[in-house]
Amino acid sequence: MTFKAPDSLSEQIADYLAERIIRGELAPGERIQEQKVTQALNVSRGSVREALLILERRHLVAILPRRGAHVTKLDERNVRSLCALMSEFYILLGNAVAQKWRTDADLRPFLDIQQRLQRAHQQLDIKAFVADSFAVMRAAYSFADNPFLQETVENLQPAMSRAYYLALDQRQASMSDYLDLFARLLDAVVARDLPRIREVLTAYCQRSCELVLAALARG
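Residues numbered from 1 in each chain as written. Predicted model: local features only at pLDDT ≥ 70, side-chain atom pairs only at ≥ 80, totals over all residues. Heavy atoms only, no water.

Let's shift gears to the side chain of Thr72. Along the chain, Thr72 falls in the loop between β3 (68–71) and α4 (76–100). You can call Thr72 buried: its relative accessible area is 19%. Those residues in contact with Thr72 that lie beyond four places of it in its chain are Pro28, Gly29, His59, Leu60, Val61, Ala62 and Arg162. (Helix = DSSP H or I, 4+ residues; strand = E, 2+ residues; numbered from the N terminus. Buried < 20%, exposed > 50% of the residue type's maximum accessible area, 1.4 Å probe, protein only. Contact = heavy atoms within 4.5 Å.)

Below is the structure:
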């Protein structure tokens, strides 16, 4: 039996604000005023401050001396840097699954996620689609068994979700593209074909990067 403590109040506030940033309800460069959040959510100012520190660690907020917390900006340099880094992390996770899966039961979580992605695609549910696309990497954590990799990816994931959501929301990216990628990735994992895993994920991340940049250019 595994014990899981409930999310702290600060983490819940951070998740709430992160959702608004990812969906574009809080614009890049916009200031997040502690007092307004405190009043809106009826929480303590200390909890809000802790939440903002969590968001800073997740690269969604920048906290500047005497200027407070602002939503981080998306620009070409940041997007390209993030995509290049996440591409390598995805490859590490994909390789770990390919090398360590043994039975059909090991692959079942990935097949379940694939079905959920297909449903989200059919329902044009962008929020669910983005969430389940990142559920793929979480299903791979146990195969990698690397707490440093897991912590780093988790801290970068919200920034990547924000970029993906922007591209999908502006129809610069197609959910069907990701479904096609995932199908080819699963085939490579089952075949334990590490070069093909790198090829599939590198090409997809490069394409995703260009689509996010195209969405940014459109404003």
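A few words now on the environment of Leu9. Its location among the elements puts Leu9 in helix α1 (residues 9–22). Given a relative accessible area of 42%, Leu9 falls into the partly exposed group. Residues Leu9 and Glu19 lie 10 residues apart in sequence; the distance between their C-alpha atoms is 15 Å.

So, about the sheet that holds strand β2 (residues 61–64). Consider a sheet: its strands pair through backbone hydrogen bonds, and that pairing is either parallel or antiparallel. Ordered by their spatial adjacency, 3 strands build an open sheet running β1-β3-β2, and the pairing between neighbours is antiparallel. Edge positions in the sheet fall to β1 (31–32) and β2, since each of these pairs with one other strand and no more. Across 2 bridges, β1 lies against β3 in antiparallel orientation. From the neighbouring strand, Arg31 faces β3, where its bridge partner is His70. Sheet strands touched by helix α3 (residues 45–57): β1, β2 and β3. Its angle to β2, the strand with the most contacts, is close to 115°. (Pairing = 2+ DSSP bridges. Axes fitted to C-alpha atoms, helices over the stretch in contact; angles between N-to-C directions.)

Next up on the list: the packing of helix α6 (residues 126–144) against helix α7 (residues 147–169). Two elements in contact, α6 and α7, have axes separated by 10 Å at closest approach and are oriented at 155°. The angle between the axes of α6 and α7 places the two elements in the roughly antiparallel class. Here the hand of the crossing between α6 and α7 comes out right-handed. Between α6, through Ile126, Lys127, Phe129, Val130, Phe134, Met137, Arg138, Tyr141 and Ala144, and α7, the contact on the second element is made entirely by Leu149, Gln150, Val153, Glu154, Gln157, Met160, Ser161, Tyr164, Tyr165, Leu168 and Asp169. Residue composition of the contact of α6 with α7, grouped by class: 13 nonpolar, 3 polar and 4 charged. (Parallel < 35°, antiparallel > 145°, perpendicular 65-115°, else oblique. Left-handed = near helix turned anticlockwise from the far one by under 90°. Nonpolar A, V, L, I, M, F, W, Y, C, P; charged D, E, K, R; others polar.)

Let us now look at empty space enclosed by the protein. Counted by the stated rule, this structure contains 2 cavities of 30 Å³ or more. Each pocket or cavity is described by its volume, and for the largest cavity that value is around 310 Å³. Looking at the largest cavity, it is lined by 20 residues, and the ones nearest its centre are Val136, Met137, Tyr178, Leu185 and Leu201. Those elements that place two or more of their residues in the lining of the largest cavity are α4, α6, α8 (175–190) and α9 (194–218). Ranked by residues supplied to the lining of the largest cavity, first place goes to α8 with 6 residues. Classifying every residue of the lining of the largest cavity gives 18 nonpolar, 2 polar and no charged. (1 Å grid on protein atoms, 1.4 Å probe; cavity = no way out; pocket = protein on both sides within 12 Å on 5 of 7 lines; lining within 4 Å. Points joined across faces, edges and corners; volume = space filled by probe spheres on them.)

This part covers unusual backbone geometry. The phi dihedral of Arg66 falls on the positive side, at around 65°, and the residue is not glycine. Position of Arg66 among the secondary structure elements: in the loop between β2 and β3.

The N-to-C vectors of α8 and α9 enclose an angle of 165°; their axes lie 9 Å apart at closest approach. The pairing of α8 with α9 is recorded here as roughly antiparallel in orientation. Between α8 and α9 lies a crossing whose hand is left-handed. Each of Asp177, Tyr178, Leu181, Arg184, Leu185, Asp187, Ala188 and Val189 in α8 lies in contact with α9, whose residues at this interface are Arg196, Ile197, Val200, Leu201, Tyr204 and Arg207. Taken together, the residues of the contact of α8 with α9 break down into 9 nonpolar, no polar and 5 charged.

In short, shape yes, function no, at least from these values alone.
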